[in-house]
Amino acid sequence: MRKLLFESLTRAPLTEAPPDMELADIAALATTLGDVARRRLGRSLSIREIDAGSCNGCELEIHALANAFYDLERFGLRFVASPRHADVLLVTGPVTRNMREALERTYNATPSPKWVVSVGDCAADGGCFAGSYAVVGGVSAVVPVDLHIAGCPPSPETLLKALVALIGHVSQGARAP
Amino acid sequence: MQSMIKAMAGTPPHAHHPWPRRIVDADTWSALAAQLAEGRWTLAGLWGDAGAVHMALLDMSRGESQGELAVASLPCPTGQFPSVARRHPPAHRLERTIADLFGLEPVGAPDDRPWLDHGRWRVGHPLGITTETSGEGAPYAFLTAEGEGLHRIGVGPVHAGIIEPGHFRFTANGETVVRLEERLGYTHKGVESLMAGASLERAARLAGRISGDSTVAYSIAFARAAEAALGIEIPARAHWLRALMAELERIANHVGDIGAACNDAAFALMHAHTAVLRERVLRQSSACFGHRLMMDKVVPGGVAIDLDRAGAEGIRSLMATIRQAFPPLIELFDNTASLQDRTVGAGILSHALAHQYGCGGYVGRASGRAFDTRRDLAYPPYDSLRFDVPLFQEGDVNARLWVRIREVEQSLGLIDQLLEGMPSGDISVAIGHGPETREGIALVEGFRGDILCWLRLDPTGIVERCHLRDPSWFQWPVLEAAIEGNIVADFPLCNKSFNCSYSGHDL
Ligand code: SF4
């Protein structure tokens, strides 16, 4: 173990440069953020992930955000275990009828100000599962969504860009152009 | 096989490939259930259809690498069939699912509670004769455990980590788990209803999204069932490219999960290192095939994208990187006493249960069940490759992790052979259809175990019925047994060592 730890000291870090923060669809989000939110949140956001019925593909890429290449935490973004500690709910999947109530309850358990980010093509409108008797639809059919990140699944790079832009807007209290 | 087919003594229906299907009567059906209970066959699947139930049986009596599969079908004109679970418990949840989705009643079943249907769909028996329901949800009667000082802990469906939803109901005596009962179905998306009436192309995309971590394996299972039904031979290069993708998927999942399990035992260093390896595999997969998880790259008829010289070189250097980085991590895993303290002896699954339930993948292979579809019902190109099927006997968390470690090593060797011997030529053939109704079945080894796909195509090539059975169906139930007598705090670690799929199970 000592050798491994020692090597990590001497090797260059794997972590890559922060992504370019321009992302057009973030703009819409900015309008929902006020001064109060900015003061309260500073430059950090706590994220609670909710799988509302995904195929687990989106979760795999959200997980990857924590690896040494993306190192989400350096941006002040961290995953928390309870919705009560969260500023942001990151929701994946088409919302299944069997998960609808759990999603609503998690949303209600999250203190304001809060933002909902839907992740993956399924989360937009049910994706390829739309129209099933077991699926409500996209996340916005159940809780208000502030930002959508497209992809099946979105790559960690796409996720990181969107989340970093989100925190940028939150901390600057920026308005849509 | 001959003995199994004789035992079925029924008439063959539509063209059904590559293994036989027989229509049987209720007596034969019950006799087969009794033979399952005796351990003569292994239950490989049990699913509903319009007015019928089907049961896939695996026969390993001829020994290693000589497995045979057959399907028995029982028409249910009165909406009933003799319960298999009454004699053979692994059929339990499958029968409850048949009752939920098709409204067919397993007569004599010991447990008649719904399984996937939580009373939220606004429709009863969505794949059978439908009824309207309120959709307001139905109460669920959890099993009880009684005694002094027992208390209950309910967890989920939303969990603390970034994981799929499911509910666990523990009954504990102090810290010790007396009973665990799982409740699943939260991610049920109605995939089988979406597949009915879909084109092959759309159904293949759905199959690749049943469990995102196994998208390649599912796509292969679906494609093989379709090709079997239509009697299509795909080019050799397509077989080899599929296997290359499948082994990359296996390595990515195994290295990622080995680290994640160590993380659940509070050993984060391992996780940090294996997550880097997993990321490297995903990046190389994306560079070669255009998608990090390789979704939609295996299609009926072959594969959607060819591997070029640069891609092959990239994979070779990835293999070299893993060969260098992996052994020191394994040494660390093996030499860290605090880690061993958590993994050795925790969550033991008995050989008897592993065999009775036909547990696939590392769950079975850590408990003495040496079954691997790639060897035992070999499909190309595995029938011409050299590899071992690692086997452990202890059945604990540690053994499950060791199987996965050894399988990473085997996959590295397989990828060497695949790159070395890759045939040249086309990567796909055109897919036709009909002219009559056709059926196909496939069993494919995903990282988690054997995935079954059964498919019926109508004369125009449209999917009439498709059933996909995740390996987790035969792993989730035995997790309940393996956790008994362990402390509640060890559940996350035990659960991770099984790493069952929620979405793959819930469909
Ligand atoms: S968007 Fe794609 S990866 Fe994400 S849950 Fe849906 S099907 Fe799975």
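Counting restarts for each chain, with residues numbered from 1 along the sequence as it is written. Each chain is given a letter, starting from A, and each ligand a number, starting from 1, according to the order in which they appear as written. Restriction of local features to residues with pLDDT of at least 70 applies here, the model being predicted, together with a cutoff of 80 or more for giving and counting side-chain atom pairs; totals for whole chains, interfaces and linings are based on all residues. Values reported for side chains reflect all heavy atoms of the structure, with hydrogen atoms and water molecules removed beforehand.

## Concerning the overall build of chain B
Each helix is a run of DSSP H or I of at least 4 residues and each strand a run of E of at least 2, with the numbering of both proceeding from the N terminus. When its secondary structure is counted, chain B shows 17 helices and 17 strands. For 507 residues, the compact-globule estimate of 2.2 N^0.38 gives 23 Å, and the C-alpha radius of gyration of chain B, at 22 Å, lies within 12% of that figure. Expressed along its principal axes, the backbone C-alpha trace of chain B runs to roughly 65 × 60 × 45 Å. We call a residue buried when its accessible area falls under 20% of the maximum for its residue type, exposed when it is over 50%, and partly exposed in between, using a 1.4 Å probe and counting protein chains only. Counting the 507 residues in chain B, one finds 63% classified as buried. Taking contacts inside chain B between residues at least 6 apart in sequence as the whole, the part at least 24 apart equals 67%. Looking at chain B as shown, the accessible area adds up to about 17,500 Å², and 50% of this sits on carbon and sulfur atoms. Atoms counted for the radius of gyration: C-alpha only. Globule rule: 2.2 Å times the number of residues to the power 0.38. Pairs of residues are marked as contacts when any of their non-hydrogen atoms sit within 4.5 Å. Each accessible area is a Shrake-Rupley estimate made with a 1.4 Å probe; only the visible protein chains count as cover when residues are assessed.

## Comments concerning the overall build of chain A
Helix and strand counts for chain A stand at 7 helices and 7 strands. Each of the 177 residues in chain A was classed as buried or not, and the buried ones make up 54%. In chain A, of all internal contacts separated by at least 6 residues, the share reaching a separation of at least 24 is 85%. For chain A, the exposed surface amounts to about 7,600 Å²; the carbon and sulfur share of it is 53%.

## With respect to the UniProt feature "binding site: Mg(2+)" (unreviewed entry) in chain B
Residues and elements named next belong to chain B. UniProt positions are given in the numbering used here, feature names are shortened, and annotations may be inferred rather than shown by experiment. The residues that UniProt annotates with the feature "binding site: Mg(2+)" (unreviewed entry) are Glu 192 and Leu 468. Despite a sequence span of 277 residues, these residues sit close together in the fold, their greatest C-alpha distance being 8.2 Å. Mapped onto the elements, Glu 192 comes out in helix H4 (residues 191-195). For Leu 468, the position within the fold is in strand E17 (residues 463-469). Other than its neighbours up to four places away in sequence, Leu 468 contacts Glu 192, Met 195, Ala 207, Ile 210, Tyr 218, Leu 452, Cys 453 and Leu 507.

## Describing the UniProt feature "domain: NADH-quinone oxidoreductase subunit D" (unreviewed entry) in chain B
As annotated in UniProt, the feature "domain: NADH-quinone oxidoreductase subunit D" (unreviewed entry) corresponds to residues 276-429 of chain B in the numbering used here. Helix makes up 57% of residues 276-429 of chain B and strand 3%, with an end-to-end C-alpha separation of 37 Å.

## Thoughts on helix H5 (residues 200-207) of chain B
Residue and element names in this part refer to chain B. Of all the positions in H5, only Leu 200, Ala 203, Ala 204, Leu 206 and Ala 207 are classed as buried. Down the axis of H5, the smallest arc covering the buried residues is 160°, so these residues share one side. Among the structural elements, H4, helix H6 (215-230), strand E16 (449-457) and E17 are those in contact with the buried residues of H5. What the arc describes is the spread of directions from the helix axis to the C-beta atoms.

## Some details on the site of the ligand
Close contacts around the ligand come from Ser54(A), Cys55(A), Gly57(A), Cys58(A), Gly120(A), Asp121(A), Cys122(A), Gly151(A), Cys152(A), Pro153(A), Arg209(B) and Met295(B), and that covers them all. In this structure the ligand sits where residues from chains A and B come together. Of all the secondary-structure elements, those providing two or more residues to the shell around the ligand are helix H4 (57-64) and helix H6 (121-125) of chain A. Residue composition of the shell around the ligand, grouped by class: 6 nonpolar, 4 polar and 2 charged. A cutoff of 4 Å decides nearness: a residue is near a molecule or strand if any of its heavy atoms lies inside that distance of it. Side-chain classes are defined by residue name, with Ala, Val, Leu, Ile, Met, Phe, Trp, Tyr, Cys and Pro counting as nonpolar, Asp, Glu, Lys and Arg as charged, and the others, Gly among them, as polar.

## Regarding the sheet that holds strand E7 (residues 147-149) of chain A
Pairing between sheet strands relies on hydrogen bonds along the backbone, with the strands arranged either parallel or antiparallel. Residue and element names in this part refer to chain A. A sheet is described by the order of its strands in space; here 5 strands give the open sequence E2-E1-E3-E5-E7, paired in parallel fashion. Every other strand in the sheet has two partners, leaving strand E2 (77-79) and E7 as the edge strands with one partner each. If you compare each strand with its neighbour and ignore which way they point, the axes differ by 30° on average. Each pair of strands is called paired provided DSSP finds at least two bridges between the two strands. Inspection of the sheet shows strand E3 (residues 88-92) paired to strand E5 (residues 115-119) by 5 bridges, in the parallel sense. When the sheet's bridge partners are listed, Val 91 is paired in E5 with Ser 118. To get an axis, fit a line to the C-alpha atoms, keeping to the stretch in contact for a helix; angles then go from 0 to 180 degrees between the N-to-C directions. Where H4 meets the sheet, it contacts strand E1 (45-51), E2, E3 and E5, and its direction lies at approximately 140° from that of E3.

## Quick look at the domain arrangement of chain B
Residues and elements named next belong to chain B. Partitioning chain B into structural domains gives domain 1 (4-132) and domain 2 (191-498). Domain 1 and domain 2 are separated by 25 Å when their C-alpha centres are compared. Listed by partner, the interface residues are 35 residues for domain 1 and 29 residues for domain 2. Between domain 1 and domain 2 the total buried area reaches about 2,700 Å² when both faces are included, carbon and sulfur atoms providing 64% of it. Here the limits of each domain have been adopted from an automatic or database domain assignment. Buried area, as used here, totals the accessible surface that two parts lose on assembly, with accessibility defined by a 1.4 Å probe and the loss added over both.

## Quick word on the interface of chain A and chain B
Counting from both sides, the interface comprises 47 residues of chain A and, opposite them, 50 residues of chain B. If you sort the residues of chain A by the area they bury against chain B, Leu4(A), Asn98(A) and Tyr133(A) come out on top, with a joint share of 19%. Salt bridge, as used here: a side-chain nitrogen of Lys or Arg that lies within 4 Å of a carboxyl oxygen of Asp or Glu. Summed over the shared surface of chain A and chain B, the result is 3 salt bridges. Between Glu101(A) and Arg120(B) there is a salt bridge, with the nearest N and O atoms lying 2.5 Å from each other. Polar contacts, as used here, are pairs of N or O atoms within 3.5 Å; protein pairs need one atom able to donate a hydrogen and one able to accept it. Residues neighboring in sequence count only if both atoms are side-chain atoms. At the junction of chain A and chain B, the tally comes to 21 residue pairs in polar contact (both at pLDDT 80 or more). For the side of chain A that touches chain B, the secondary-structure elements that each account for two or more residues are helix H1 (2-10), E1, H4 and helix H5 (100-109) of chain A. Residue contributions to the side of chain A that touches chain B peak at 7 residues, all from H4(A). Of the residues assigned to the side of chain A that touches chain B, the class counts are 27 nonpolar, 12 polar and 8 charged.

## Observations concerning the sheet that holds strand E15 (residues 438-446) of chain B
Residues and elements named next belong to chain B. Strand order across the open sheet formed by 4 strands is E1-E15-E16-E17, with mixed pairing between neighbours. Taken across any chain shown, the strands that pair with only one partner, and hence form the sheet edges, are strand E1 (15-17) and E17. Along the sheet, successive strands turn relative to each other by an average axial angle of 10°, direction set aside. Direction of pairing for E1 relative to E15: parallel, over a ladder of 3 bridges. Across the sheet, residue His 16 finds its bridge partner in E15, namely Glu 439.

## Digging into the environment of Thr28(B)
Residue and element names in this part refer to chain B. Here Thr 28 lies in helix H2 (residues 26-38). Residue Thr 28 is classed as buried on the basis of its relative accessible area of 13%. Separated by 117 residues in sequence, Thr 28 and Ala 145 have C-alpha atoms that sit 37 Å apart.

## Focus on the packing of helix H7 (residues 236-264) of chain B against helix H16 (residues 491-498) of chain B
All names here are of chain B. One way to put it is that H7 packs onto H16 with a least axis distance of 8 Å and a crossing angle of 170°. Between H7 and H16, the interaxial angle falls into the category roughly antiparallel. Mapping the contact onto sequence places Asp 257, Ala 260, Ala 261 and Asp 264 in H7 and Pro 492, Leu 493 and Lys 496 in H16. Within the contact of H7 with H16, the residues separate by chemical class into 4 nonpolar, no polar and 3 charged. Orientation is classified from the angle alone, with under 35 degrees giving roughly parallel, over 145 giving roughly antiparallel, 65 to 115 giving roughly perpendicular, and any other angle giving oblique.

## Remarks on the pattern of salt bridges
In total, this model carries 39 salt bridges over all chains according to the counting rule given. Here Arg100(A) makes a salt bridge to Glu104(A), at a shortest N to O gap of 3.2 Å. Of this pair, Arg100(A) and Glu104(A) both sit in helix H5, separated by 4 residues, roughly a single helical turn. Note on Arg100(A): relative accessible area 28%, which makes it partly exposed. Overall, Glu104(A) belongs to the partly exposed group, its relative accessible area being 28%. With a shortest N-O distance of 3.1 Å, Arg205(B) and Asp296(B) are connected by a salt bridge. Taken as a pair, Arg205(B) in helix H5 and Asp296(B) in the loop between helix H8 (268-289) and strand E13 (298-299) lie far apart in primary sequence, 91 residues in all. Taken together, the shared-partner salt bridges in this structure form one network comprising Glu247(B), Arg250(B), Arg365(B), Asp372(B), Arg374(B), Glu407(B) and Glu445(B).

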